[in-house]
Amino acid sequence: MTDSLVDAESAAKIGTVVAVATGEVYRRDWQRWAAAVGDHNPLWFDADYAREHGYRDIICPPLYLQYAILGVAALGDLRPDGSSGAVTGSMAFPKAPRRMAGGESTTFHLPAYHRDEVEMVRTVDSIVEKEGRSGRFVLVTWRSEYRNQHRELLAEASTSMIARPA
Amino acid sequence: MYFEDVAAGDKIPVLTVSVDETQMFFFSAATYNGHRIHYDKQWARDVEGYDDVLVQGPLQAALLSRALTDWVGGHGRLVAFSVQNRAIAHPGQDLDFGGVITGKRDGGLVDLDIFCRRGDDVLMPGTATVALPKRDTS
């Protein structure tokens, strides 16, 4: 008798592309993000400073890139907990509905600039059930590539999520 | 900050931040994050069993990245950044963001162990690589 937290529909997605998302990198958006972090690095805000440091203009903070590709979520499509599953391929885990970010690991190759068109392709790397101090949980790991309009690789990321039973 | 100036064992300046609910709101807005555990106290307590709303893991990561990019300066570059969410944080708690250099490599690369801590508790451990300029080429 198997009592896996991982449903068959989710398990079948391992190794497949679960999300392709594109978005425009927009300086006001990354500056709002930076301000919310209290990060007033002049590379994100001051074009003269950025040029003096080898860039052609202000650059997008590396960690912001992952948000530039987020789409639009209709309120009626949100999960009961208010989260949108779009970027992770809407994987539900009905037996493990309490979800939280696990971790992220990113290599940054090139900076993104204002009005760059970025495409993210996300693949499910693994889905494993684990036993932790506070009980069983599911660890989902995705791999993502971010490319700009010139097909240049900007970043490669591995992201994980933890889902626990209610 | 130059490659020649740093050595294994050096600590980067610690950034201490007590995240409040206003900052959490703006971060959720800036990241298009509707997850209730970050703003709905009743949901966080009654449905998910936490004592209070949770500081966003990506906000902790962003603060850690800020500590790094502030430290490397305009000629430095964040090359790789890896963190794990190990424990939760609530608003109003002092969080420390810092790192220790673990090694140097060709190409001006510097490796670090990085952390977000609350007191002695490591909430978010990780590793990072930054590129620093060399004195003789700048």
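Residues numbered from 1 in each chain as written. Chains lettered and ligands numbered in written order. Predicted model: local features only at pLDDT ≥ 70, side-chain atom pairs only at ≥ 80, totals over all residues.

*Asks:* Hey, could you run me through the overall build of chain B in this one?
*Replies:* Per the secondary structure count, chain B includes three helices and five strands. In chain B, the succession of helices and strands from N to C terminus is β-α-α-α-β-β-β-β. Principal-axis analysis of the C-alpha atoms gives chain B an extent of 60 × 30 × 20 Å. For chain B, the residues scored as buried account for 40% of the 138 residues in total. (Helix = DSSP H or I, 4+ residues; strand = E, 2+ residues; numbered from the N terminus. Buried ≥ 20, exposed ≤ 12 C-beta atoms within 10 Å, placed from the backbone.)

*Asks:* Help me understand the overall build of chain A, please; the structure alone is not making it clear to me.
*Replies:* Along chain A, the regular secondary structure elements total five helices and five strands. The helix and strand sequence of chain A, counted from the amino end, reads α-β-α-α-α-α-β-β-β-β. Based on the C-alpha atoms only, the size of chain A along its principal axes is roughly 65 × 35 × 30 Å. Looking at chain A residue by residue over its 166 residues, the buried ones come to 34%. Long-range pairs, those at least 24 residues apart, make up 70% of the contacts in chain A between residues at least 6 apart in sequence. (Contact = placed C-beta atoms within 7 Å.)

*Asks:* What is the right way to read the environment of G102 of chain A from this model?
*Replies:* Positionally, G102 of chain A belongs in strand 2 (residues 98-108). Here the alpha-carbon distance between G102 of chain A and A74 of chain A, two residues 28 residues apart in the chain, equals 25 Å. If we ignore the near neighbours within four places in the chain, the residues touching G102 of chain A are L139, S160, M161 and I162 of chain A together with Q84 and N85 of chain B.

*Asks:* Please clarify how the pairing of strand 4 (residues 109-118) of chain B should be interpreted in this entry.
*Replies:* Looking along a regular strand, one sees side chains alternate from face to face of the sheet. Residues and elements named next belong to chain B. Pairing of strand 3 (residues 94-105) with strand 4 involves nine bridges; the strand directions are antiparallel. Within strand 4, the position partnered with D96 by the bridge is R117. Taking the residues between adjacent antiparallel strands as the criterion, strand 3 and strand 4 are bridged by three residues, where G107 takes a positive phi near 85 degrees. Both strand 4 and strand 5 (residues 121-131) contribute to a ladder of 10 bridges, which runs antiparallel. Counterpart to L112 in the pairing with strand 5 is A128. Joining the antiparallel neighbours strand 4 and strand 5 is a turn of two residues, in which G119 adopts a positive phi near 60 degrees. (Pairing = 2+ DSSP bridges.)

*Asks:* What is the right way to look at the interface of chain B and chain A in this model?
*Replies:* Many descriptions give the size of an interface as the accessible area lost when the pieces come together. In this complex, chain B contributes 32 residues to the contact, which on the side of chain A involves 30 residues. Among the elements of the structure, helix 1 (21-30), helix 3 (57-72) and strand 2 (77-84) of chain B are those that each provide at least two residues to the side of chain B that touches chain A. Ranked by residue count, the leading element in the side of chain B that touches chain A is helix 3 of chain B, at 10 residues. Tallied by class, residues from the side of chain B that touches chain A come to 16 nonpolar, 12 polar and four charged. (Nonpolar A, V, L, I, M, F, W, Y, C, P; charged D, E, K, R; others polar.)

*Asks:* How should I be thinking about the sheet that holds strand 5 (residues 153-164) of chain A in this particular structure?
*Replies:* Within a sheet, neighbouring strands are paired by backbone hydrogen bonds and run either parallel or antiparallel to one another. Taken together, the 10 strands give an open sheet; going across it, the order is 1(A)-3(A)-4(A)-5(A)-2(A)-2(B)-5(B)-4(B)-3(B)-1(B), and neighbouring strands pair in antiparallel fashion. Among the strands making up the open sheet, the edge pair consists of strand 1 (17-24) of chain A together with strand 1 (15-18) of chain B. Sheet twist, expressed as the mean angle between neighbouring strand axes with direction ignored, is 25 degrees. Pairing analysis gives 10 bridges linking strand 2 of chain A to strand 5 of chain A, with the strands arranged antiparallel. Paired with A101 of chain A across the two strands is M161 of chain A, which belongs to strand 5 of chain A. (Axes fitted to C-alpha atoms, helices over the stretch in contact; angles between N-to-C directions.)

*Asks:* Can you walk me through the nonpolar core in this structure?
*Replies:* In this structure, V37, L65 and V118 of chain A together with L59, L63 and L64 of chain B are the most contacted members of the largest nonpolar core, which totals 61 residues. Broken down by element, the residue count for this core peaks at eight residues, all from helix 3 of chain B. The residues touching V118 of chain A, leaving out its near neighbours within four places in the chain, are T22, G23, V25, L65, A68, I69, A112, Y146, N148 and L154 of chain A. Core analysis: the next-biggest nonpolar cluster, separate from the first, contains 11 residues, M91, I127, F137 and V138 of chain A among them. (Core = buried A, V, L, I, M, F, W, Y, C linked by C-beta atoms within 7 Å.)

*Asks:* Would you explain the environment of V72 of chain A in this entry?
*Replies:* All names here are of chain A. Position of V72 among the secondary structure elements: in the loop between helix 5 (65-68) and strand 2. For V72, a count of 8 C-beta atoms within 10 Å puts it in the exposed group. In the structure, V72 is positioned 12 residues away from S84 in sequence and 9.4 Å away in space, judged by C-alpha atoms.

*Asks:* Just to check I follow, could you spell out helix 3 of chain B for this structure?
*Replies:* For an α-helix, 3.6 residues make a turn, and residues three or four places apart therefore share a direction. All names here are of chain B. Taking 1.5 Å of rise per residue, 16 residues should cover 22 Å, and helix 3 covers 23 Å from first to last C-alpha, within 8% of that figure. Burial analysis of helix 3 places 14 of its 16 residues in the buried class, the great majority of the element. Once helix 3 finishes, G73 follows within two positions and takes phi at roughly 80 degrees, a positive value. (Expected span 1.5 Å × (residues − 1).)

*Asks:* Explanation requested: the confidence of the model for chain B in the structure shown.
*Replies:* Per-residue confidence for chain B gives a mean pLDDT of 96; residues scoring 70 or more make up 99%. For this predicted complex, the interface score ipTM comes out at 0.96, alongside a pTM of 0.91. (pLDDT = per-residue confidence, 0-100.)

*Asks:* When you look at the pairing of strand 3 (residues 117-132) of chain A in this model, what are you seeing that I'm missing?
*Replies:* Residues and elements named next belong to chain A. The sheet contact formed by strand 1 and strand 3 spans seven bridges and is antiparallel. Among the inter-strand pairings, V17 is bridged to a residue of strand 3, identified as T123. Relative to strand 4 (residues 135-147), strand 3 runs antiparallel, the two sharing 13 bridges. The residue bridging M120 from the neighbouring strand is Y146, located in strand 4. A loop of two residues connects strand 3 with strand 4, the two strands running antiparallel in sequence.

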